[in-house]
Amino acid sequence: MGVRGLQGFVEKVCPDVCASVDLKEMAEKHRTNHPNFPPVIVVDAMSCVKYWYTAESWVCGGQWREYLVSLDHFIKAFMAAGIKLVFYFDGVVEKKKRDEWIKRRMKNNEEIARIFQFIKTHRKQPGREMFTAISALPTFTRYALKLLGQETVCTLQEADFEVAAYGLQHNCIGILGQDSDYLIYNTCPYFSIEKLHLDRLVTVMYSREALCRALGLSLTHLPLFACLLGNDVVPENLLEGFWQKCLIISRRKNNRYSRRTNILIAVADYISKVPCSYSSLKHLEEMLPLGSDKTLLYRGVESYLLPGQQSPWVPPSVTNCQISLQQQTVVCQDKEIFQLAKEQHIQSENYTVFNILSNGEIDCSNSLEDECDTEIPGQALIYRPARQHIYSVLLESGKGGAYPLVKEWFVYFGNPLQQPELIQPVEPPVPGGTPDLKTLWFAKGPDVEKQRYGTFLACFHLQDRMEELQALEVPVAAFCCLLTYLMMQVSSLSLEDLNAFVALILCLKGKSAAQLAGLQLAQVDSRAVQLGAVFVRGLTTLLMANSACGFPFRMNDLMPWEAFDGKLFQVKYQQSHQGCSVEELLESNESLYAPFQNLKTLICNACMAKKRTIQSRPRGNGFITGTQQRTFNPRFQQTHKRAFIPPYHNQTREFLSGNPQPQGKK
């Protein structure tokens, strides 16, 4: 996420770098100068999502219908000014940035622990200053923007590079985001999402030229400047000695400034006196303790060169040769399948399957999960058995040959993220065997549609429930599939939890975003917060299975605004555990009584067929308040098990659980 401290530096120390601009006026000027090309702003969506999410409630799992309204309002403000938006999302974590990704995930874990402690202590949501991104918010934002008719791109490499390149190549009026790397790239102007006044379309534009004047540098110096301050490529811990040397010889040190500000100025002073040449860069590399990787600085500078650009710091024959990691190490050898997966990835049509088919690697960021709640495993572990089946569908190795292991970088309690977990694909129990990928993706006809649906259900061990599920509305069928899987996998889930979830899907259908925004919570239950996060992450697992199986569902039918609302779930959860009647749970809507019983019966019967009996366990007002950290149980890490992993069973409860073994090929 750019150079630490640079954004604050320009705002506090170099106010001339920050200019207030009217985007409507800039768009009009662009139309005058380029009458055949509409004004375009390219949006770094990953740095914008927290500003787009304006709903008051954020810990309960997401106010998704309110969020859709917020995004629609944002888009229409730009449309009214005749400005086209193009949204970019990170589609991969590059190997060179993995260490930084891990560092941020560990920091997020600490922040999430503080959020849960606050909820348990005060029984309410913390203030906005503790805001952390809702589970899977960037993922569902992609699909929300597509639903709203926007051009949405999922990248093949780090998004900031592709955003900067798009802005330059398409003569955009600017980049909208909040990442100081856009001050370093030599591209179109950089606008702040944080400072944006949407009602007037006025924001702050950061000027690279003004930054260079303030620092005594040229635009050519900026990539080296960023690398010598530490960024996602060059770690700060290698630069401390160099900074100290710069501070000693700097003539512009100011005791009123923070140490970081003085370092920024001192480094700029130092490199302003260095001749712009490749030999100078090599000399700097020799000064730094780069260990075995002596090309780190070179690669860091090169990473800022956009297509067609050159720099005196690198040899004249070299332009940016960033190549997608996926293109270098392709797992899938079928060109037709690989090309389709790639196209769908870029267009934000599939979910994660390209990452698996290209380099056999997948990652998942933090979720709002309570490390002190010993009864509910991390969502990464709950959905791993389903993912193992999905990997098998994608990699097709049962056709003769060993399954390649999939590298998972999933955040959950007990995973130090020191290396990826190597996960063995497991063939799903599809009657007659799993269809090959070409059949699922390219074949047509009713028989193939049935195969797609059946393979999808088999990933969640529900292949025997096809007729019952197909009789339901599509979003409700997907909801039931996910909820049944959850009830089978997590034995601590009770009849009260089931009632709350079923009441949620039925009562949500008739509610507008405004009605949901008006819901008031007397208190917030931390266990319901975690269940909300687990459920929403489960929806992403449905997206993955749907993408792998050739889209038996429309992706729009699997979205959280169709099946979930955080505040409404809190209400239903608390009502259910406090023993409210079915009438009260269903808001006295008699038309919902029969569907409520039918859905419960379907889910309970499916669980009983797998020897899982769901029992009553009302919690009343018994909020979880303990702070004792759970002990990591290594039996949750069954990464190479070929059989379907049985539900996580709390031995102190009289819950029955168990699953049959999947049908494997002999």
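As the structure is a prediction and not an experimental result, all values here were calculated from the model.

### Some points on the overall build of the chain
Right, so step 1: Scanning the chain for helices and strands turns up 29 helices and 10 strands.
Right, so step 2: In terms of overall size, the chain behaves like a compact globule, its C-alpha atoms giving a radius of gyration of 26 Å where 666 residues would be expected to give roughly 26 Å.
Right, so step 3: C-alpha extents for the chain along the principal axes are approximately 75 × 60 × 55 Å.
Right, so step 4: Per-residue burial over the chain gives 59% buried out of 666 residues.
Right, so step 5: Restricting the contact set of the chain to residue pairs at least 6 apart, pairs at least 24 apart contribute 75%.
Right, so step 6: When the accessible surface of the chain is totalled, it reaches about 26,900 Å², and 51% of it is carbon and sulfur.

### Here's the deal with the side chain of Lys120
Right, so step 1: Counting through the fold element by element, Lys120 comes out in helix H5 (residues 98-122).
Right, so step 2: For Lys120, a relative accessible area of 6% puts it in the buried group.

### Topic: the nonpolar core
One broad trend across soluble globular proteins is that nonpolar side chains are buried collectively.
Right, so step 1: Counting residues in each nonpolar core, the largest one holds 144 residues, and the members touching the most others are Ile41, Trp52, Phe78 and Phe460.
Right, so step 2: The element best represented in this core is helix H25 (residues 526-548), accounting for 13 residues.
Right, so step 3: For this core, the domains that each give at least three residues are domain 1 (6-218) and domain 2 (335-610).
Right, so step 4: When neighbours within four sequence positions are excluded, Phe78 is seen to be in contact with Leu23, Ile41, Ile83, Leu85, Leu176, Leu196, Leu198 and Leu201.

### Some points on unusual backbone geometry
Right, so step 1: One non-glycine residue, Asn171, adopts positive backbone phi at about 50°.
Right, so step 2: Unusually for a residue other than glycine, Ser348 sits at a positive phi of about 55°.
Right, so step 3: Looking at where Ser348 falls in the secondary structure, it is placed in the loop between helix H15 (335-346) and helix H16 (353-359).
Right, so step 4: Relative accessible area serves as the criterion here: at 0%, Ser348 is assigned to the buried category.

### Concerning the pattern of salt bridges
Right, so step 1: One pass over the structure, following the stated rule, counts 30 salt bridges.
Right, so step 2: Notably, a salt bridge pairs Glu236 with Arg260, separated by 3.8 Å at the nearest N-O pair. One end of the pair, Glu236, is in the loop between helix H9 (222-229) and helix H10 (240-249); the other, Arg260, is in helix H11 (residues 259-272), with 24 residues separating them in the sequence.
Right, so step 3: Note on Arg260: relative accessible area 12%, which makes it buried.
Right, so step 4: Three or more residues joined by partner-sharing salt bridges are found here, namely Lys97, Glu100, Lys103, Arg104, Asp160 and Asp232.

### Some thoughts on the confidence of the model for the chain
Right, so step 1: Confidence in the prediction of the chain, expressed as mean pLDDT, is 90, and 90% of residues score 70 or more.
Right, so step 2: Every residue in residues 322-327 is under pLDDT 50, and counting partners more than four places away or in other chains gives 18 contacts.
Right, so step 3: The low-confidence segment residues 624-666, where pLDDT is below 50, has 122 contacts with residues more than four positions distant or belonging to other chains.

### Concerning the domain arrangement of the chain
Right, so step 1: Domain annotation of the chain identifies domain 1 (6-218) and domain 2 (335-610).
Right, so step 2: For domain 1 versus domain 2, the distance between C-alpha centres works out to 29 Å.
Right, so step 3: Between domain 1 and domain 2, the residue contacts involve 47 residues of the former and 57 residues of the latter.
Right, so step 4: Taking both sides of the interface into account, the surface hidden between domain 1 and domain 2 amounts to around 4,300 Å²; carbon and sulfur atoms contribute 63%.
Right, so step 5: Among the residues of domain 1 in contact with domain 2, Arg65, Phe116 and Tyr143 are the three that bury the most area, contributing 18% of the side total.
Right, so step 6: At the surface where domain 1 touches domain 2, the tally comes to three salt bridges.
Right, so step 7: Between Arg98 and Asp363 there is a salt bridge, with the nearest N and O atoms lying 3.4 Å from each other.

Cut-offs applied
- Residues numbered from 1 in each chain as written.
- Predicted model: local features only at pLDDT ≥ 70, side-chain atom pairs only at ≥ 80, totals over all residues.
- Heavy atoms only, no water.
- Helix = DSSP H or I, 4+ residues; strand = E, 2+ residues; numbered from the N terminus.
- Rg over C-alpha atoms; globule rule 2.2 N^0.38 Å.
- Buried < 20%, exposed > 50% of the residue type's maximum accessible area, 1.4 Å probe, protein only.
- Contact = heavy atoms within 4.5 Å.
- Areas by Shrake-Rupley, 256 points an atom, 1.4 Å probe, with all protein chains shown as cover.
- Core = buried A, V, L, I, M, F, W, Y, C linked by side-chain atoms within 4.5 Å.
- Domains from an automatic or database assignment.
- Salt bridge = Lys/Arg side-chain N within 4 Å of Asp/Glu carboxyl O.
- pLDDT = per-residue confidence, 0-100.
- Buried area = accessible area lost by both parts, 1.4 Å probe.

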